[in-house]
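Examining the three-dimensional arrangement
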Amino acid sequence: MLYHYVGPRSIAERSESAVCGVPVSSPTDLLPRLSSGDLTVTFVVSAEGTLLVADRRSEHVACAGNRPVRAAGEMCFALERGRVLVTRVSNQSTGYCPEPKSWGAVADALRAAGLEPTDGFDPRCEFRRCLGCGWLNLVKDRVFECVGCQAELPNRYNAQEVP
Ligand SMILES: [Zn+2]
């Protein structure tokens, strides 16, 4: 499944051209960023299945160069006795709103880069678009209620559908 950017247009327009995400093809690609020991980055998995990482303040759409992705979120790493460990991965991206099942693409991309995946997303985010007001909600604690208009949110994933 490819996820398209569904966040605010203004952010996408600011990051129209350049891919700011750096491809990770081996754990050593992360070493320059791991000088302080722990690292949190913005990540996407490209359509080709490559893990791309960027500064955690970067927008996912900029990390991806405005292209569709297989997964997006935040990723944490630690350096332990010279070994790069993945310590946490989330699918928290309000730009792409990826489903929990995008985990498979994350695990594949990590293994391809010689990194051991964690057990799954933490937090594991559920995104739903409100059928009433169109707001893209990040569902918390299984409360399927729109923060914009309090309408009930659908059970089915619909964040990629344009209203
Ligand atoms: Zn609503």
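Look a little higher up for the structure.
Residues numbered from 1 in each chain as written. Predicted model: local features only at pLDDT ≥ 70, side-chain atom pairs only at ≥ 80, totals over all residues. Heavy atoms only, no water.

**Here we look at the coordination of the zinc ion**
Binding of the zinc ion to the protein goes through Cys130 (SG), Cys133 (SG), Cys146 (SG) and Cys149 (SG), at separations of 2.3 to 2.4 Å. Each of the four donor atoms around the zinc ion contributes to a set of angles spanning 100 to 116 degrees, which defines the coordination as tetrahedral. Spacing between the donor residues of the zinc ion along their common chain follows C-x2-C-x12-C-x2-C. Judged by its relative accessible area of 33%, Cys149 is partly exposed. (Donors = N, O, S within 2.8 Å, 3.2 Å for Na, K, Ca; no water. Tetrahedral: all angles 85-135°; square planar, octahedral: opposite > 155°, others 65-115°. Buried < 20%, exposed > 50% of the residue type's maximum accessible area, 1.4 Å probe, protein only.)

**Overview of unusual backbone geometry**
For the bond running from Asp122 to Pro123, omega is -5 degrees, close enough to zero to count as cis. Structurally, the position occupied by Pro123 is in the loop between α3 (103-112) and β6 (126-129). One non-glycine residue, Asn66, lies in positive phi territory at about 70 degrees. The topology assignment puts Asn66 in the loop between α2 (60-63) and β4 (69-80). Backbone geometry at Arg142 places phi at a positive 60 degrees, although glycine is not the residue there. By secondary structure assignment, the location of Arg142 is in the segment after β7 (136-139). Note on Arg142: relative accessible area 61%, which makes it exposed. (Helix = DSSP H or I, 4+ residues; strand = E, 2+ residues; numbered from the N terminus.)

From the geometry alone we can't say anything about function, so treat these as descriptive.
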